[in-house]
Structure formats: C-alpha cells, structure tokens
Amino acid sequence: MKITFNLKYHTTWGQRLFIVGSCVELGANILSAAKEMHYHNENEWQLEISLPDSIKEVKYNYLIEDINGIRTSEHSGFAHHILFDRKCKSYYLYDYWLSEPEERAFYTSAFTKNLFARHKNKLLRKTIDNSDRKNNISLRLPAPLTKPEQIVAITGNQPFLGNWNTNHALYLSDEKFPHWEIELDSNEISFPLEYKFVVIDSNTKQICYWEEGENRIISHPPEIDNSCIIANNHPLRTPDLAWKACGTVIPVFSLRSEESFGIGDIGDIKKLIDWTKKTNQHLIQVLPMNDTTRTHTWQDSYPYSAISIYALHPLYISIPMMGSLNDKKKTAYYNKVQKELNAQDTVDYQSVETHKTAYFRDYFEQEKDNILKNDDFKEFIAKNKEWLIPYAAFSYLRDKNNTADFSKWGDYARYNREKIEKFCYPKSEAYGEFSYLFFIQYTLHQQFACVSKYARENGVVLKGDIPIGINRESVEAWTEPDYFNMQMQTGAPPDNFSDTGQNWSFPTYNWDVMEKDDFEWWKKRFRKLNNYFDSFRIDHILGFFRIWEIPRESVDGLCGHFRPALPLSIEEIERYGITFDRRWTEPRIHIKFISNLFEEKHDDSIYKYLNYSDSDHLVLNEICSTQRKIKRLFEEKKDEKSQIIRNGLMSIANEVLFLRDPYAPNRYHPRISAYKAYAYYELSDENRHAFDRLYNDFYFLRHNEFWKETALKRLTPLINSTEMLVCGEDLGMIPASVHEVMEKLQIFSLELEHMPKIMNCEFADLTKLPYHSVCTTSTHDMNPIRAWWKESKEKTQRYYNNVLKRAGTAPEECSSVIAEQIVRNHVRASSMLTIIPIQDWFAIDDNIRQPDACAERINIPANPNNYWCYRMHITIETLLHADDFNKKLSNIITENGR
C-alpha cells in the first residue's frame, strides 16, 4: 500500500522537513531515523512510502531541521493518526503543522469526556463504513469548543453541499470528538472545492455561528483510481467564546452526610455531585486523597504527607457502598458508633480510624471467600501489582514494627523485591494481611471509579490535587530512594504565612535521575490520578522551577536555599563591593542583641548554651549547635523560661548572612530575609547597600532564565503526557518566569484577590485576571472570608472602601450581605474557572452559615502540627433541601455568565 504525505509549510533557506512515526518505515519514533520529505511546489512538501498491508494504523509527527542540523518536532502533546481501514491501494494525506492549540483546555478530558462530552444525536449519521469506499475524500476537523447540543456542518460551492445554503449543509460525525469527520465522494465534486464549516443548534436547527476566516479550498487532488484522500483541516475557527464555570472546593474528610462515619467519604462525593449540579456548578475540587497512615493517630490527618503516591486513603471508603454485616449485634454496635462520631463538630481522626478499620476487617472476614475468588479482584491486583505489593508490604511492616521508619525494619530496611513478593505466597504469614490490604485498595478503586463515572454523567468535573512532596517515611522513599535527596528536606521560604518559612520535612527530588527516564515517575502519578479525575492541581508548582531545600539539621525554613540555583563565588560577591568574611557563614550573635533575643528575661543560665567566639560575639556550643539539637534539648521543657531560651537559640542558629552551597562548597547563597538578621545590622552602611544590591539581583534577576528553562524541561513532557486539565498553585515568592511558563503550557494559575501578583498592589483586579486561571476567595491554608475580615482592621477598612466601594466604617463582622458581594465579585471575574471554598458559599446566607467563623479554618501553615479536622457543620442532605440558599447560589452563577 502506498502512502503519500503532503504538508504545506513555509521554510527558509537551509531548513528541511522530516517525518517520524510509529512504523519502521518512518523511523519507529526515533528522531534520528526520521524520513526526509521533498519540496514539491508552492511551499508544499511531500514524502511517499510503501507499507505492508498488515499495518493497520500509524501515528506520526513532522520535524523541521535548521541549518545547524537541530531538529524540532511539532507540538509533542499531539500526533497525527491514520487508520488504514479502506480497501485502497493508495492513501493521500494532506496535513497541517500541529502547533500548541490556542485553547488547549478544551482538548482535555474535562471537556471531551465531561462538560462537552457528546451524546447520541439522531441528526448525526455515523461515520460511513469505509471498507468498500474508493476515490473518496475524508475531511477531518478539530472542533473541541462545540457544546453537547451543537453540531458541526459543512457547506460549500457544490450542489450536494447546498451551494452555500446552510439548510442543505451536511452534518459531520462526532464519533471521534473533539475531532469531527465527513466522507465526500470525489465523483460528485467539481474542483476546486471551496467550503466552510458552520455550527448548528441541534434542537432549533438554527445557526449558532459560521467559522471565521476565508473559505477552505481543495484545488485538485490526484486522479488515481482505488485511492483515498484524507484532508486534515486546521481547527474550527470559532469566534471569541469565553466559556466560564463555577465550582466548590472542599477536602473529602470535611464532607458530612447522614451516612458518613465521622469523616467524609467517597459516597459523600456522590451526594455533593447532586448538590453541585442542582446549583449550576460544574466542578468539585478536593485535597489529596492518598493514604497518609504512619502513626495511626491524628498526626496522620495531614493530606499532603502521603505514604504512597498511588494508594487511596482507607478512611474514604463508604461503608454503605461497601456492604452490610450479617451479625446483627455488630451492626447495632457500629450504627451506635457511627451516630456518635457523626454528631461531633470535627473529625475525631483516631477514633474514626479505629472503628472504620474494625468494620472493614469484619466485613472482609465475612466475605473473604467470595472476595478472593472474584475475577475483578484478581484482575485489579494483576494490573496494579507494581505499586500495590510494595504498598501492602510497607503497611504490613509498619504495623509489625510499630514504626513507619523503614530504617528500623531490620532485614527489610532496604527494599528487596524478591523478598517482598514472597509475602504474597498463600503459605506466607503475611498472606492474610496482604489480601486484606489488596481488598481495601480494590474497594476504594471500585467505589471511586463508580463516583467518577457518575460525575461525568452529570457534567461535573472532579479536580484532584498532587502534593509536591512525599513523606520521607513512605513507600516510594523505601522502594525508589534514588529519586530523592534523603539528606535534605523541602519547604517554603518566608512569606505571608510564616516569617521563618515552612519546613515540610519531605525529601527533595533528585531531578537528574528522574530526567533519565523522561520523568516516568511523575507520569505514572498522573496516570493513576486520571483514573478518577478530569482535572488536577499541582501543589506548589514552583517546585518544578526550583524547590526550597533545607538542611536536615534545620527545623524552620530560614536557612534553606533554592535548588537548582546559581550560587555565588567569592569573586562574584566581592564584585558588589563587599569584602567577603567567612564568619558570615557561621551562626553567631553580638552580645548587644542578647536581650532582644531572650526578651530581657534571661539570666546567666543561657550562657551554658553559648560560647564566646571573640570579645563581642557568642556562638552556640556543641550541645545545641543546630536547630535539630535545640529541639531535642527542649522537647520536654514546656515552662515559659525554657521556651524563651529555646526560641532565642533557634534564632541564633539562623544568624548568618550567607549559606554554603551543599553541592558546590566554594559557592554561596545570601540567606533569605537576611536584612532581618542581627548580623545585617553589624554591617557598615556601605556594605549594607552593597549587600542589598547583591540580594536583589540574586533573588529577583539572576535565576529568571535558568528557572524558566528548568521548568520547561520538566513540565513540558509531563503536561503532554496527560489528558487532564492542569492547574497550578503558584502563590508565594514567585520568579518572574513562572507566569511565562504557565501561560506557554496553558497551565491554569491560581488567583486570589488579597494576594495580587502585581507589585505595589494591595488587592487584585478580578476583572483583569488571566482567562486561563482559577479564581478563589481563599484556600485551605488561610482563613475563609469571614475570619479573614477580622485579621487586620486597617486592611479590611481599605478593602471595604476601595474594593467593595462602600462608604463609612467597615463593620466588625462580615455580614451575609457583604459576603455575598465578595462572592459575586469573584464569580464575575475574568478567569475561566471560579472555585469557591464551601465555607465561603455558606457565608452568603444567614440560615446556612456556621455560627463560629473561626471554626472554619482548615490549616495553619506556620504550625507543623496542625490537626486537619474541619467538617462542614450541616449534612449534604440538608444542603440539598435548602431551596432558598440553592436558588440564590444558582442565580449568582447564572447571572454572571457561568
């Protein structure tokens, strides 16, 4: 069979075009083996190859080579695809160069399989059976922005196309949506063929719009019998259609229904879908749902500290969806416990885990024989064994050794695949526990897949969340340690949430190793998430540009540094006019500042922790030379004096102006927020001014291009590997290149009114947000709007007068009327998506809102021991019947074009 590729592309002198594809004849996807095309005429390039009849499909891309021999591919997220399903001897393919789609979001599963998913339409004929068709022309058209009630039709300068009369236009098939297709018999065509596409409302048969631009033309195809022509058209040229939608964000554990067991679960998500649809919303965003079980205590409540990047949290199993117990006594007992736990204001994490786990084990024992024989269960294990067996082994060994610290597991401290797989043998002592753990993950998958399907059927996008880090006591740290820098920890530099930064304790990534297999570790994470979600948020997306890396001996985040980075040599430092002093890299404090650090309540007892380094300076002695040592030293000392001493010593440990780079010892980073250090005030005026210039250049200018290239190298293959709609959390200390990279890859940014991204601006203009963004009133890391209203009286007053345009003094409380105005402003924003925390939806109605605004906060980032236990104060069932509130919410959304 002969295949002729045709591409219209304007080249400059020295450029050449190639094709690389999935078959051997096109280089088997190896760029260096791509086949060169030949210039035909008028910017048309051509390649003719012969393929064996046994090949039924080919995927391929075009490449351009410059004068230096460097080859660049089309947009790597898409590929040309041809099925050889006709009885033809020759195929003529007319293609266009694939570029990044202007509206990539509409090609994601959030739209193609959910919001704009196609339903059977009687007006649309199925794609013609091509098996016996010859001498036909197949027109293909990407048109992802067509809504479910719309269809694409073709009209043109031919009688069978209505001679431009749209009443006689032919409808295209949507079987391969977002691509539309129609077969035309070339024998009916008088060339040249001129045509255009129109979008028609399938209910009214009225034209919604004509595509923009000039007519499309097929001048004259080759006159060869027994051939097929496939013309891949440029995407439908739509008018500016700013589609928008609204949604709700809430952690799954915060959901409350009459059937939940003291904590939200997968069954509650299904109920929330009903409420979301009822109020004209289209998205539900949740926090990470991975298993976080390390200690079996409330400390496992932190959803961003997963022990597995694949396993779902057992507590999210819906007991009603799982099944009932035959034992009436046990059933009565669990019903009693369920009512008690569900009556609590917040999640009693440890009690919930104890009793839900007991129920799961009772149910498993009851149904074990049937479960183990179930073919679906066996298939689930077979498909997921790559992560499921290590996860089960980790969970088993964690409980057997009473610690998640795998370094204390003796013979199993280092992961050994062969030894671990022996646990799966029926005669193994661990076999029963492994079977139970497999069952738990199987149940979670079955339930969540069912709810995910329900969401798609109801036009509600489920949006997940990928944490930037993993716990250092986790399956992946145990099984794949080469991917991580275990001697380091990650966090965030000082910001609005914390003056000393944040230390998340996660190991940092070894990106050099990850790059060697084209970031397959991340791609597998995305694929797992795609089992349930059509969109996801990348937590702390700045970590793909650079991460805040903190030495293991630090407790807070001040003595961290960005990685990757371009640390300074001594020569570079001194070019700013500073004579470098190595003592600036060692923690020390001038004696004149001692009373500031210890609140003037100290006595001579503090000097047992300090030594003189010279007549004016003190340094920490060996017993407390690092923050980690200080923390251990004062672990049990809770009295006021001890805490003052502890905090003072912690501050001294941060008293440096420069940090040695751990990977290049003769290079240095200026310490973040060094202008707040006492050492800074010891500098001469001249040195201070020089240091300020160095600091500003280092943190705001030096790395822009470097971090941009780093992020593109990491994010591009990852974004191209998934069909989900990708959003990023880009708050905090943002390099100038972040917006540029996110815009280029069409990753949606996160926008908050009171955290603007424009310098010297107190509040963002919601009417000027990027279209490719998510607008929200607050996040889980901050107060919802009612509690935020009370944070700063002065700031609230300015917001009241300047943003809300209200005169007079701002009230002490954020009333439902004010809250509604704030929410309306956010729904009216220019962003494609507005996703509101459920607490802020509640704030707009006096009959619905939580009486205690302070009880609605989910997390305090500055507190590493925060208890994540917030639950909505009313049930979803109550919410579903709150007709006045639901009508108000629905009207706010529809009135503002969402």
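Keep in mind that this is a model prediction, so the values were computed, not measured.

Analysis parameters
Residues numbered from 1 in each chain as written. Predicted model: local features only at pLDDT ≥ 70, side-chain atom pairs only at ≥ 80, totals over all residues. Heavy atoms only, no water. Phe/Tyr/Trp six-rings, centres within 6.5 Å; stacked < 30°, edge-to-face > 60°. Helix = DSSP H or I, 4+ residues; strand = E, 2+ residues; numbered from the N terminus. Buried < 20%, exposed > 50% of the residue type's maximum accessible area, 1.4 Å probe, protein only. Lys NZ or Arg CZ within 6 Å of the ring centre and 35° of its normal. Pairing = 2+ DSSP bridges. Axes fitted to C-alpha atoms, helices over the stretch in contact; angles between N-to-C directions. Expected span 1.5 Å × (residues − 1). Arc of directions from axis to C-beta. Disulfide = S-S within 2.5 Å. Salt bridge = Lys/Arg side-chain N within 4 Å of Asp/Glu carboxyl O. Core = buried A, V, L, I, M, F, W, Y, C linked by side-chain atoms within 4.5 Å. Contact = heavy atoms within 4.5 Å. Lys, Arg positive; Asp, Glu negative; His and termini not counted. Parallel < 35°, antiparallel > 145°, perpendicular 65-115°, else oblique. Nonpolar A, V, L, I, M, F, W, Y, C, P; charged D, E, K, R; others polar.

Engineer: Provide a residue-level description of the packing of aromatic side chains, including the pertinent values.
Structural biologist: Taken as a whole and assessed by the stated rule, the structure comprises 73 aromatic pairs. When the centroid spacing of 5.0 Å and the interplanar angle of 75° are considered together, the rings of Tyr334 and Tyr359 count as edge-to-face. Separated by 25 residues along the polypeptide, Tyr334 in helix 4 (residues 328-342) and Tyr359 in helix 5 (residues 349-373) bring together distant segments of the chain. Comparing Tyr334 with Tyr359, the two get one shared label, buried. Between Phe423 and Phe434, the ring centres sit 5.5 Å apart and the planes meet at 50°, which makes this aromatic pair tilted. Taken as a pair, Phe423 in the loop between helix 7 (417-421) and helix 8 (431-457) and Phe434 in helix 8 lie far apart in primary sequence, eleven residues in all. Overall, Phe423 belongs to the buried group, its relative accessible area being 7%. Positioned above the aromatic ring of Tyr663 is the side chain of Arg563, whose terminal nitrogen or guanidinium carbon lies 3.8 Å from the ring centre. Seen from the ring of Tyr680, Arg688 lies directly overhead, with NZ or CZ sitting 5.9 Å from the centre.

Engineer: Please provide a residue-by-residue account of the sheet that holds strand 20 (residues 283-285), values included.
Structural biologist: Taken together, eight strands build an open sheet; the order of strands is 35-26-21-20-19-38-37-36 and the sheet is parallel. Both edges of this open sheet fall to strand 35 (725-728) and strand 36 (749-752), since each of them pairs with a single strand only. Here the strands of the sheet are splayed against their neighbours by 25° on average, with no regard to which way each runs. Inspection of the sheet shows strand 21 (residues 461-466) paired to strand 26 (residues 535-538) by four bridges, in the parallel sense. Opposite Lys463, over in strand 26, you have Ser535 as the bridge partner.

Engineer: So what's going on with helix 17 (residues 685-700)? Residues and values would help.
Structural biologist: With 16 residues, helix 17 ought to run about 22 Å at 1.5 Å a step, and its terminal C-alpha atoms sit 22 Å apart, in line with that. Those residues of helix 17 that fall on the buried side of the exposure criterion are Asn687, Arg688, Ala690, Phe691, Leu694, Tyr695, Phe698 and Tyr699. Along the axis of helix 17, the buried residues cluster in a sector spanning 165°; they form a single face. Away from its buried face by more than 90 degrees, helix 17 exposes Glu686 and His689.

Engineer: Break down the state of the cysteines for me, citing the residues and quoting the values.
Structural biologist: This model, assessed by the stated rule, comprises zero disulfides. With no disulfide of its own, Cys869 has Cys854 as its nearest cysteine by sulfur position, at a separation of 14 Å.

Engineer: Which residues make up the pattern of salt bridges, and what values go with them?
Structural biologist: Scanning all chains against the criterion turns up 50 salt bridges. Lys793 is the partner of Glu812 in a salt bridge, and the nearest nitrogen-oxygen pair spans 3.6 Å. Of this pair, Glu812 sits in the loop between helix 21 (793-803) and helix 22 (816-827) while Lys793 is found in helix 21, placing the two residues 19 residues apart along the sequence. Summarising the burial analysis for this pair, Glu812 and Lys793 share the class exposed. Here Lys888 and Glu820 are joined by a salt bridge, their closest N and O atoms 3.9 Å apart. A residue pair is termed long-range when its members are at least 10 positions apart, and Lys888 in helix 25 (residues 883-895) and Glu820 in helix 22 qualify at 68 residues. Given a relative accessible area of 26%, Lys888 falls into the partly exposed group.

Engineer: Outline the nonpolar core, listing residues and values.
Structural biologist: Nonpolar side chains in soluble globular proteins tend to be buried together. Counting 171 residues, the largest nonpolar core has Met289, Trp522, Leu715, Trp789, Trp841 and Phe885 as the members making the most contacts within it. For this core, the element with the most residues is helix 6 (residues 375-401), which contributes twelve residues. Sequence-distant contacts of Phe885, defined by excluding residues within four places in its chain, comprise Trp275, Trp841, Phe842, Ile844, Asp845, Ile848 and Leu879. With 53 residues, the next largest nonpolar core counts Leu236, Leu283, Leu725 and Met782 among its residues.

Engineer: Describe the side chain of Asp265, and please don't skip the residues or the numbers.
Structural biologist: Note on placement: Asp265 falls in the loop between strand 19 (245-249) and helix 2 (266-278). An unpaired buried charge is present at Asp265: no salt bridge exists, and Lys356, the closest side chain of opposite charge, is 4.3 Å distant. When neighbours within four sequence positions are excluded, Asp265 is seen to be in contact with Val252, Leu255, Ser260, Leu315, Tyr316, Ile317, Ser318 and Lys356.

Engineer: Explain the packing of helix 5 against helix 8 to me, using residue names and the numbers behind them.
Structural biologist: Look at helix 5 against helix 8: their axes get within 10 Å of each other, and the N-to-C directions meet at 100°. Classified by the interaxial angle, the pair formed by helix 5 and helix 8 is roughly perpendicular. Touching Thr357, Phe360, Arg361, Tyr363, Phe364, Ile371 and Leu372 of helix 5 are Gly432, Glu433, Ser435, Tyr436, Phe439 and Ile440, all from helix 8. The residue makeup of the contact of helix 5 with helix 8, split by class, is eight nonpolar, three polar and two charged.

Engineer: Lay out the pairing of strand 13 (residues 173-176) with the relevant residues and their values.
Structural biologist: Relative to strand 14 (residues 179-185), strand 13 runs antiparallel, the two sharing two bridges. Bridging across to strand 14, Lys176 finds its partner in His179. Linkage of strand 13 to strand 14, two consecutive antiparallel strands, is achieved through a turn of two residues.

Everything listed here is a matter of coordinates, which is why it stays silent on function.
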